[in-house]
Structures are given as structure tokens and as C-alpha cells.
Amino acid sequence: MNKTRVGLLLFVAVLVAAFFVFDLGRYFSLEYFQSQRAALDAYRDAHPVLTALVFFAVYVALAGLSLPGATLMTLAAGAIFGLLWGTLIVSFASSIGATLAFLVSRFLFRESLQRRFGDKLRTLNEGFEKDGGYYLFTLRLVPAFPFFIINLLMGLVAIGTGTFYWVSQVGMLAGTLVYVNAGTQIAALRTLSGILSPEIIGSFVLLGVFPLIAKRAIGYATARRVLAKWSKPAKFDRNLVVIGAGSAGLVSAYIAAAVKAKVTLIEKHRMGGDCLNTGCVPSKALIKSARIIAQAKRAQDFGLKSMKVEFDFADVMERVQRVVKTVEPHDSAERYTGLGVECIQGEARITSPWTVEVKTANGKSTLATRAIVVAAGARPFVPPIPGIEAVGCLTSDTVWNLRALPRRLVVLGGGPIGCELSQCFARFGAQVTQVEMLPRIMIREDPEISEMVSDRFRKEGINVLVNHKAREFRVENGEKILICEHGGKDVRIGFDQLLCAVGRVANTQGYGLEELGIPVTKMRTVQTNQYLQTIYPNIYACGDVAGPYQFTHTAAHQAWYAAVNALFGGLKKFRIDYSVIPWATFTDPEVARVGLNEIEAKEKKIPYEVTTYGIDDLDRAIADDEAHGLVKVLTVPGKDRILGATVVGEHAGDLIVEFIMAMKHGIGLNKILGTIHIYPTLAEANKYAAGIWKRNHVSQKLLTWVEKYHAWRRA
Ligand SMILES: Cc1cc2nc3c(=O)[nH]c(=O)nc-3n(C[C@H](O)[C@H](O)[C@H](O)COP(=O)(O)OP(=O)(O)OC[C@H]3O[C@@H](n4cnc5c(N)ncnc54)[C@H](O)[C@@H]3O)c2cc1C
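It is worth spelling out the overall build of the protein at this point. Assigned secondary structure in the protein consists of 24 helices and 21 strands. In terms of overall dimensions, the protein has C-alpha extents of about 105 × 90 × 55 Å along its principal axes. Out of the 715 residues in the protein, the part that is buried amounts to 47%. The contacts of the protein with a sequence gap of at least 6 include a subset with a gap of at least 24, amounting to 66%. In the structure as shown, the protein presents an accessible area of about 35800 Å², 61% of it carried by carbon and sulfur atoms. The average position of the 80 basic charges and that of the 62 acidic charges among the side chains of the protein differ by 6 Å.

Right under this line is the structure:
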């Protein structure tokens, strides 16, 4: 806490202490007020303005210092100034006083609170940023929530001062009126509890419930407004139509069929979407073949003289397709039809909130449906760099068609897809140059993690160029050249093939979203609320098209919410839970993460402790000659609460599951340490990381006492 804060805290503390030490509260009791009533009335008659000003100032001071007495003052306002002036004075004085208390609380405590509990408070803050005014209004309407507590608590959350002031003034008006009115009858009142009659309490409860009813009514009216211009079919042939049969669409349809809804799944291209056909499955198959080559090159590390690997790149790519074919039945129309899903091969177009037109080989038809789930996925983004069309560009959609290994490959992009494919192609023998405009590859990970990967890449012969911005492509004398800007200079890179892996954009155009006016976000994904609902209450979106994550497992996670809310939202809606999101990049070394890393914790000003265990020390990793990598865990300082974990090394994507589980279910490192891990496994790394954390948190005082105990036992 800085000096100004300490000074203010002392000042407030002295004033509050004086109030109680000198028992000033006795002047704010009903008995005292009644005893002085005649004198007060006389003074008011003689000096009406001065009385009002002094009253106003005392009220502001009481409220600003969060001292008791505001209720009596409100009643007194009615008694002294009457309903109109009393309400006016109290309304402004209480709002100004409340805002002062709010500002004091914010200035003194908010920063340290956010620093300590920023992570826990994140959802609360987001909620208040969005709906803070509404929450405050609800609280203000119900006088059962103490006035001063609301002021102090609101100072700690993300609500603007202006919003706080005007919502307080408006929200407290009804209560002020009731109390001031009661004050006009004060002569008849003997105790403060007298005004809390069942009738008055009942009317306050009604006032409190009112905003909830109002919110529902607003939601209903908004839905009616967007739906009003469309004519609703008299009846529906389906409960749900799902557009796109990728990870998100398949899971949505599966869930709908499992709960016996009539569901139609429409796919215009290939069942399984990106993950099966051009994403996770082929990339992991390619990674495996490339890995075998890399292992063979290390034959001597394993005590073998040499291992000769002969291969034809075309065979490798054919194997990749065989793997896709083998997995294909899991996502096939036959399987889903068997599960109760109607599968249509065709192009879908939303023509109204309740109708989807499907164009198939046999013509067009229109399906009437209660709800729609949009799961149309994303596509690779090709940046508009001058000359890119002339040199031609592979993407994650087309790279799988290659049958000849490029001699010199430029990979544009240092994200997960760029990294996985760069390493694969280099291991097959291509001269790979990976170009990234940011200062490091895998920018979302902590710097030392990026470094571990780029270090390995460089050792394997990949030319990793960071801080290089692709500016132009040229063809000079038949040679393809990339010109990058680096440190103010041009760098020329000759290449034979270009692979673009600079991100993926959601498919939001050409199938009715624009016509329905469904907005997209800044990230160009379909805008949804926390129930994955678009502005149309019966149209939902999930997977890559909705973002913010672009993984198969998050698409499947969202799909549950989209399908369940689409089918049962009228009864109960479920809010999407993004609290524990894991992912992995399948490079060698593999990198897996769940929750926060250091850069994110710093960005969000969340205090943390780091515990790191080096996998180079792990028996199993040594036996496997894979002794590299780490387990890095972030915890709340001094507490056994995991904020995030990163694992780098062999099977990191599998090892991280223990931390995912722990975070999801609120399990700490003590519990991981207390769990038997099989020897010798890589999973022991998690336990050793927990062990290091434990050692760092053992109380030295306690150890001194234990040492004394042992000495005493020996004596
Ligand atoms: C190279 C690569 C590697 C990846 N590796 C991983 C990984 O290891 N792990 C991981 O979790 N994720 C990985 N991903 C990401 C993962 O593939 C995606 O996050 C996931 O496929 C998204 O699923 P989705 O259902 O949202 O979209 P998609 O799989 O893209 O499915 C959308 C479907 O909708 C169809 N469609 C679109 N419009 C219409 C229309 N109008 N009518 C009918 N059909 C329509 C499309 O044809 C498509 O089949 C990888 C991606 C790539 C490119």
C-alpha cells in the first residue's frame, strides 16, 4: 500500500473510531430524535436553508464513512422537511455519500484485492462490466441488503463510478420515498423496527423481484423483436437442424439424437470436418512417421550402430490417408444414421430463424425446425501479401495432397499448426524456413517454453526466423523468393513451396447469417452469448465458427451446451464453462498447457508462485533417452491452489491430464503428491513437481521443533 493510501486509511479509521469512542451513535437513535424534535422544528422554521445544508452534509458524511445512522436520518428527513424536500435531500445525499464510500473502498482495497484474487474474480468482473448496473439496481431496490455493504463491495468490482452513482440514485429512489414517507409519520413510531411491517417488507421484496422479471421481459421482448419480421411455420418437421458435420456438429447431433429429438445434420463436404480430414488426424499421422525418422537418426543414442530408413514421401502421404480412412467410420453418415441422426449430404442455407434450405445433388428442399445449431467451422487464412498468388500457397486444407517432398519449404506462421508441420517436413528432409513476425514462435507459451521448441527446431536444421515480417513474394528467373522485413532491412529467402499457417477464419458467409443480420465479433466469429445463443433465441453456434478456441475438444465441449440449450432452453439454459481449457501442440518436444502460464498471470496481474521440475532428472525419461522438458506449475502464493500448468516433453499432452483433472475438481498439489504414481513412468514427473512445491512450503519452524523432538527422544 502506498503512502497516500495509508494516509487515507488512517484518516478514515480515526473518524470512524472517534464516532464509536465518543458514542456519537446516540445522536442517531429514534429516542434522541424524538426528544429533540420540537427544537429541530423551531430551528428549521428559523433557518430552513441552513438546516437543509447541515442535514445534507451530515448525511453525506455518515454514508461516506459507512457509519450507522442513515436509516434514522432518512426518517428524520421526512419528519423535518416533509415528503418532497425530504426525498430530494436524502436522494442526493445518500447517492453522493454512497459514491464517496464506493470510491474510498476502491482506492484503498481494489488493487490489492485484484492482485490477490484476480483469477477468482475474473468471472465476477466480466459479469459486472457487462451487467453491473443491473445487479446494482437489483440490490438497491431491496433494502434488506445493507446500504453501506453494497457501497463497499461495489468499490471492489468492475463497475464505473458514473454508473454506480446514477444507478444508486435511481435504484434507491423507491426505498427513499417509502422511508421518508414513514418519517412523516414518525411521531407515531416508537422503534425503527416498527416500519418493517409485513406489508412494507412485502412491497420491498416485490421491488427486488421486479428487475428479475424486467430482465426476463426484456429478453422476451428482444427475442420477439428479432423474430417479428419472420413468419413462423405452422408446424416443425424437426427439433434441430445442425449445419456442418465437423467435431462441433457431430457432437451436437449425437446429443440431440441421444435425447430422442428429431435432428438433421447437413454437411456440404466431408463428414468429420477439418479434424478428421485436414486437421488433427492427418497431422498426427504425419507426425508419427516423421518421428520414426527422427528416432532412427538417433540410433546411437539407443546403443544401436545405425538404423537405415528408406522411404518414399508419397507412401507416407498415402499412409496418412489410410489413417484418415480408418478413423472415418467414427464420423460416418452410416454411424450417425444408426444413432438416430438424419444425415444429409448437401449445402445448407438458413432462410429464416426456423427454416433451412438444403441444396443436394437431387435439388433443393426446405426443412422447418424449432432450433438450429451453426457448426460451420473455419478455414485457413491466406494473408493478402503482394505476389502470394503468383507463387502459390499450400494450406492445411491442401498440404495433404502433396506426394512429392518440397526441397525448400517456407512455412509462414509460428503457431501450433506451423510448428507441427515445419518439424514434420524438416524430418522428412525438406529444407524448412519457418517465418514468424513476432519475437518468438509459439507466442502464447512462456518464453522459455518457446525457446525449448525453437532450440530443438534449430538443432534439427529448421531455419527459424522470428521478427521477420513477410512483405512480398516474387518470382525471379524462375525462382520463388520471399522478401521479409527484419530490423528495418529486407531479407530474401528462396523457396520451392510455400505453406501458409497464419491462422484460421470462421466460416460466417454465404449461408444465411448475413441475411438474418447475425453479428460477428472482432475476431470474425459468430457472436453468441454465454449460452452460445446468437441474437436469435433458437439459433446457436459452436466450434471454430463461434470461437474463441479452435480445438476439437473445445468444439465438442461447446456442442453439448449448444445442443442442450437449443433443445431444452425453454426450460433451463446452461452457461458455457470455460474455466479449465487445456490444449497441446504436438511438436517434439510436445507442449501441453492448462490454465494460466506466467505471461498470462502477469498480464492479468494475478499473483503466482512457480514450481518447476526438470524432466531431465526423471528415471523413465532417462531410460527412454528422452530426458528433456519440464513440468511447470503456477499456484496461488502460499496456497495449495493450482492456477495453471505447462508440461513440455514426451507425451506432455497425456501427462497434463492430471493437472486438468486437479483444476477442474479443485484438487491441489498435496493431493497429487499423496497419489501413488506407477514407477517408472513419465507421469511421475507430476508427482515430483508436487513434491518440490511441498518442500518449498514446509514450515521451517515446525522442522526446528521436530528436530528438537528427535533430539529429546535420543537423549
Ligand atoms: C492442421 C490442423 C491440425 C489440428 N490439430 C488439432 C489437434 O491436434 N487437436 C485439436 O483439438 N484441434 C486441432 N485442430 C483444430 C480442429 O481441427 C478444429 O478445431 C475442429 O475441427 C473444429 O471443428 P468444427 O466442427 O468447429 O469445424 P469443422 O471441423 O471445420 O467442421 C465444419 C463443417 O461444416 C461444413 N459446412 C460449412 N458450411 C456449411 C454449409 N453451409 N452447409 C453444410 N455444411 C457446411 C464444412 O464443410 C465442415 O465440414 C487442427 C486443425 C488443423 C487445421
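What follows continues from the structure just given.
Extensive coverage of strand S21 (residues 642-649) is indicated by the burial of eight of its eight residues. Where strand S18 (residues 590-595) lies against S21, six bridges are found, and the strand directions are antiparallel. Its bridge partner lying in S21, valine 594 is registered against alanine 645. For strand S20 (residues 630-635) and S21, the ladder comprises six bridges, and the chain directions are antiparallel. The partner of lysine 632 across the bridge, within S21, is threonine 646. Where S20 hands over to S21, the hairpin turn is made up of six residues, of which glycine 638 adopts a positive phi near 75°.

So, about helix H21 (residues 657-664). Of all the residues in H21, the buried ones are Phe659, Ile660, Ala662 and Met663. Down the axis, H21 shows its buried residues gathered within 165° of arc, on one side only. Downstream of H21 by one or two residues, glycine 666 has phi in the positive range, about 65°.

Now for the nonpolar core. The biggest cluster of nonpolar side chains holds 35 residues, and the ones touching the most others in it are Leu286, Phe425, Phe428 and Val432. Of all elements in the fold, only helix H10 (280-297), helix H11 (313-327), strand S8 (408-412), helix H14 (416-428) and helix H15 (447-459) reach the threshold of two or more residues within this core. Per element, the largest residue contribution to this core is six residues, and it comes from H14. Those residues in contact with leucine 286 that lie beyond four places of it in its chain are Val316, Met317, Val320, Trp400, Leu421, Cys424, Phe425 and Phe428. In terms of nonpolar packing, the next biggest core, distinct from the first, is built from 28 residues, Val633, Val647, Ala690 and Ile692 among them.

Below, the discussion takes up the site of the ligand. Around the ligand, a shell composed of 37 residues is seen, among which Glu267, Asp274, Lys284, Asp544 and Thr552 lie nearest. Lysine 284 places a side-chain nitrogen or oxygen 2.7 Å from an oxygen atom of the ligand. Histidine 553 has a polar side-chain atom sitting 3.4 Å from an oxygen atom of the ligand. Out of a free accessible area of 1000 Å², the ligand has 94% covered by protein chains. Listed by contribution, the elements that provide at least two residues to the shell around the ligand are helix H8 (247-258), strand S2 (263-267), helix H9 (273-277), H10, strand S4 (347-352) and helix H17 (552-568). Within the shell around the ligand, the residues separate by chemical class into 14 nonpolar, 15 polar and eight charged.

Spatially, three strands are ordered S11-S12-S13 in an open sheet, and the strand pairing comes out antiparallel. With one partner strand each, in any of the chains shown, strand S11 (469-476) and strand S13 (489-495) form the two edges of the open sheet. The average undirected angle you get between the axes of adjacent strands in this sheet is 25°. In terms of strand pairing, S11 meets strand S12 (residues 479-486) through seven bridges, oriented antiparallel. Note on S12: the bridge partner recorded for alanine 470 is cysteine 484.

When two helices pack together, their arrangement is given by the angle between the helix axes and by the axis-to-axis distance. Contact geometry for helix H2 (residues 30-46) and helix H3 (residues 48-64): axes closest at 5 Å, N-to-C directions at 120°. Taken together, the axes of H2 and H3 are oblique relative to one another. Residues Tyr43, Arg44, Asp45 and Ala46 of H2 lie in contact with H3, whose contacting residues are Pro48, Leu50 and Thr51. Its residues placed into classes, the contact of H2 with H3 shows four nonpolar, one polar and two charged.

One pass over the structure, following the stated rule, counts one disulfide. Disulfide pairing is shown between cysteine 275 and cysteine 280; the S-S distance is 2.4 Å. On the sign convention where negative is left-handed, the bridge of cysteine 275 and cysteine 280, at about -130° about the S-S bond, is left-handed. Unpaired in this structure, cysteine 393 has its nearest cysteine sulfur neighbour in cysteine 500, at a distance of 3.4 Å.

Right, let's talk about unusual backbone geometry for a bit. With an omega of 5°, the peptide bond between aspartate 588 and proline 589 qualifies as cis. With respect to the helices and strands, proline 589 occurs in the loop between strand S17 (582-585) and S18. The omega angle of the peptide bond from tyrosine 679 to proline 680 is -10°, so this bond is cis rather than trans. Looking at the secondary structure, you find proline 680 in the loop between helix H22 (669-673) and helix H23 (684-696). Even without a glycine there, the phi angle at aspartate 625 is positive, about 55°. Tracing the backbone through its elements, the reader meets aspartate 625 in the loop between helix H19 (619-623) and S20. Since its relative accessible area comes to 30%, aspartate 625 is described here as partly exposed. Located in the positive-phi region is histidine 651, a residue other than glycine, with phi close to 55°. With respect to the element layout, histidine 651 can be found in the loop between S21 and helix H20 (652-655).

Turning our eyes to something else, we now look at the packing of aromatic side chains. Under the definition given, this model contains 16 aromatic pairs. Ring centres of tyrosine 27 and tyrosine 32 lie 5.1 Å apart, and the angle between their planes is 75°; on these two criteria the pair is classed as edge-to-face. In this structure, arginine 444 is placed above the aromatic ring of tryptophan 583, and the distance from its NZ or CZ to the ring centre is 4.5 Å. Residue placement shows lysine 573 over the ring face of tyrosine 531; its charged tip is 5.1 Å from the ring centre.

Examined against the element boundaries, tyrosine 688 turns out to sit in helix H23. On the accessibility criterion, tyrosine 688 (34% relative accessible area) is partly exposed. Taking C-alpha positions, tyrosine 688 is 37 Å from valine 435, a pair spaced 253 residues apart along the chain. The residues contacting tyrosine 688, other than those within four sequence positions of it, are Tyr613 and Leu618.

A few words on empty space enclosed by the protein. As enumerated under the stated definition, the model contains one cavity of 30 Å³ or more in all. Approximately 30 Å³ is the volume attributed to the largest cavity. Lining the largest cavity we find Ile615, Leu618, Ala621, Glu626, His628, Glu650, Leu655, Leu682 and Ala685. For the lining of the largest cavity, the per-class residue count stands at six nonpolar, one polar and two charged.

The next subject is H11. The terminal C-alpha atoms of H11, which comprises 15 residues, lie 22 Å apart, in line with the 21 Å expected from a rise of 1.5 Å per residue. Taken together, the buried positions of H11 are occupied by Phe313, Ala314, Val316, Met317, Val320 and Val324. Buried residues along H11 cover an arc of 165° about the axis, so they all sit on one side. Facing away from the buried surface of H11 by more than 90 degrees, the exposed residues are Asp315, Arg322, Lys325 and Thr326.

Rules used in this analysis
- Residues numbered from 1 in each chain as written.
- Predicted model: local features only at pLDDT ≥ 70, side-chain atom pairs only at ≥ 80, totals over all residues.
- Heavy atoms only, no water.
- Helix = DSSP H or I, 4+ residues; strand = E, 2+ residues; numbered from the N terminus.
- Buried < 20%, exposed > 50% of the residue type's maximum accessible area, 1.4 Å probe, protein only.
- Contact = heavy atoms within 4.5 Å.
- Areas by Shrake-Rupley, 256 points an atom, 1.4 Å probe, with all protein chains shown as cover.
- Lys, Arg positive; Asp, Glu negative; His and termini not counted.
- Charge placed at Lys NZ, Arg CZ, Asp CG, Glu CD.
- Pairing = 2+ DSSP bridges.
- Arc of directions from axis to C-beta.
- Core = buried A, V, L, I, M, F, W, Y, C linked by side-chain atoms within 4.5 Å.
- Near = heavy atom within 4 Å.
- Polar contact = N/O pair within 3.5 Å; in protein donor to acceptor, adjacent residues only side chain to side chain.
- Nonpolar A, V, L, I, M, F, W, Y, C, P; charged D, E, K, R; others polar.
- Axes fitted to C-alpha atoms, helices over the stretch in contact; angles between N-to-C directions.
- Parallel < 35°, antiparallel > 145°, perpendicular 65-115°, else oblique.
- Disulfide = S-S within 2.5 Å.
- Phe/Tyr/Trp six-rings, centres within 6.5 Å; stacked < 30°, edge-to-face > 60°.
- Lys NZ or Arg CZ within 6 Å of the ring centre and 35° of its normal.
- 1 Å grid on protein atoms, 1.4 Å probe; cavity = no way out; pocket = protein on both sides within 12 Å on 5 of 7 lines; lining within 4 Å.
- Points joined across faces, edges and corners; volume = space filled by probe spheres on them.
- Expected span 1.5 Å × (residues − 1).

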